[in-house]
Amino acid sequence: MNNPPQFTWDDLQFFLAVARTGQLSTAARQLRSSHATVSRRIDRLEFTLKVKLFERNPRGYVLTAMGTRFVETAERMEQETERLRADLADGSMAQRGLVRLSAPEGFANFFFATVLPQFAAQHPHLALELVTIQQIMSLSRKEADLSVVLDEPKGGGPYFAEKLTDYHLQIYGSRDYLAKAPAITCREDLLEHPFVSYIEEMIFAPGLDYLGDVHPRIKPQFQSSSIFAQLTATRNGLGLCILPYFFASRYPELVRVLPEEIDLKRHYWITCHRDLKQAPRVRAVIDFLREAVRGEDARFVPPYVTAAGPARRTRADV
């Protein structure tokens, strides 16, 4: 009679780390282990289960069909294990581990990074990885535990999603640029000015495609996939740019253009796999983001915007 497969929870932790990262070295760093140990644990688990969980290739480890199915079982066990630890420990001790958060560059650099000291003080046992290259991150491939996104996830399914906050965008130009450039009194005047914007082919979220909401004939002169590069170019007088109020308002050299006529509203959402939502380490980040955004609401909404909207509504808000 054959003995049933024997493996430990530690084996499953090694498996999940490799499944989520696709790289032995990255998994080893997260687990504070070595490349060789991770490889040995995966080999042992496959031998014990008598099934191939990964395809090895030069780019890393890719889940097989059976490996993908096994992820679901291992994550249920992970969730129950973390829930048990939460029941056995106090709140701060239960919130341990590593969380990878994917977020847009603007939100990450100009909001979340500013509240990181509070996060570290509240959760000293949590390690955080903040990824801003959102175009290549995927919750479905477990490349991130949590994502802040610009558009509401469609279809529900295995994902939890919740709106974090609205935020507003206006057109900005530097004082020096506007002092020398033709006057702007209406939307048509904008066509006489160079614009700074995103590279059209690299816009990874519909919420970033907003030039047409200002004027359908605007053609940008300088384009970048980085909102920080756009901000820097605008501050240096290259032209006009549509920027989020919550960070453009920090720079006194930037002036809003047609602020009572042009005000675009967008949204940030927080999303993750439903099976991770109740994990203490993930729940801690979600709860922190909720409270941090609620406490800084005035940073996202200009003071002249009321519940009824700006003084004059724009096509984007109609």
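Residues numbered from 1 in each chain as written. Predicted model: local features only at pLDDT ≥ 70, side-chain atom pairs only at ≥ 80, totals over all residues. Heavy atoms only, no water.

Q: How would you explain the nonpolar core if you had to name every residue and give the values?
A: Within the largest apolar cluster, 64 residues are counted, with the highest numbers of intra-cluster contacts made by Phe107 and Leu190. No other element matches the 8 residues that helix 12 (residues 280-295) contributes to this core. Excluding anything up to four places from it in sequence, Leu190 contacts Ile171, Ile184, Phe195, Val214, Leu240, Val257, Leu258 and Ile262. Of all hydrophobic cores here, the second largest spans 20 residues; its members include Leu12, Ala28, Val38 and Ile42. (Core = buried A, V, L, I, M, F, W, Y, C linked by side-chain atoms within 4.5 Å. Buried < 20%, exposed > 50% of the residue type's maximum accessible area, 1.4 Å probe, protein only. Helix = DSSP H or I, 4+ residues; strand = E, 2+ residues; numbered from the N terminus. Contact = heavy atoms within 4.5 Å.)

Q: Hey, could you go over the packing of aromatic side chains for me, with residue numbers and the actual values?
A: As enumerated under the stated definition, the model contains 17 aromatic pairs in all. One aromatic cluster in this structure is built from Phe107, Phe110, Phe111, Tyr167, Phe228, Phe246, Phe247, Tyr268 and Phe300. (Phe/Tyr/Trp six-rings, centres within 6.5 Å; stacked < 30°, edge-to-face > 60°.)

Q: Any details on the confidence of the model for the protein? Residues and values, ideally.
A: Here the protein shows a mean pLDDT of 84. Residues at 70 or above account for 85%. Of the regions scoring below 50 in pLDDT, residues 306-318 engages in 21 contacts with residues more than four places distant in sequence or in other chains. (pLDDT = per-residue confidence, 0-100.)

Q: How would you summarise helix 9 (residues 227-235) if you had to cite specific residues and measurements?
A: Residues of helix 9 that are buried: Ile227, Gln230, Leu231, Ala233 and Thr234. End-on view of helix 9: buried residues confined to an arc of 165°, all on one side of the axis. Looking at where helix 9 begins, the residue whose side-chain oxygen comes 3.2 Å from the main-chain nitrogen of Phe228 is Ser226. Taken from the residues just after helix 9, Gly237 is the one with a positive phi, measuring 85°. (Arc of directions from axis to C-beta. Polar contact = N/O pair within 3.5 Å; in protein donor to acceptor, adjacent residues only side chain to side chain.)

Q: Let's hear about the packing of helix 1 (residues 9-21) against helix 3 (residues 35-49): which residues, and what values?
A: Orientation of helix 1 relative to helix 3, taken along the N-to-C sense of each, is 110°, at an axis distance of 9 Å. By the angle class used here, helix 1 and helix 3 are roughly perpendicular. In this structure, helix 1 crosses over helix 3, and the sense of that crossing is left-handed. Counting all contacts with helix 1, which are made through Asp10, Asp11, Leu12, Phe14, Phe15 and Val18, the residues of helix 3 involved are Thr37, Val38, Arg41, Ile42, Arg44 and Leu45. By residue class, the composition of the contact of helix 1 with helix 3 is 7 nonpolar, 1 polar and 4 charged. (Axes fitted to C-alpha atoms, helices over the stretch in contact; angles between N-to-C directions. Parallel < 35°, antiparallel > 145°, perpendicular 65-115°, else oblique. Left-handed = near helix turned anticlockwise from the far one by under 90°. Nonpolar A, V, L, I, M, F, W, Y, C, P; charged D, E, K, R; others polar.)

Q: Quick one: what's the story with the environment of Pro153, residue by residue and with numbers?
A: With respect to the element layout, Pro153 can be found in the loop between strand 5 (146-149) and strand 6 (159-174). Its relative accessible area of 28% is what places Pro153 among the partly exposed residues. Residues Pro153 and Trp269, 116 residues apart in the sequence, show an inter-C-alpha distance of 8.3 Å. Ignoring sequence-local partners within four residues, the contact set of Pro153 consists of Ala161, Trp269 and Thr271.

Q: If you had to explain the side chain of His168 to someone new, which residues and values would you point to?
A: Checked against the element boundaries, His168 lands in strand 6. With a relative accessible area of 6%, His168 lands in the buried category. Separated by 2.5 Å, the side chains of His168 and Asp263 make a polar contact.

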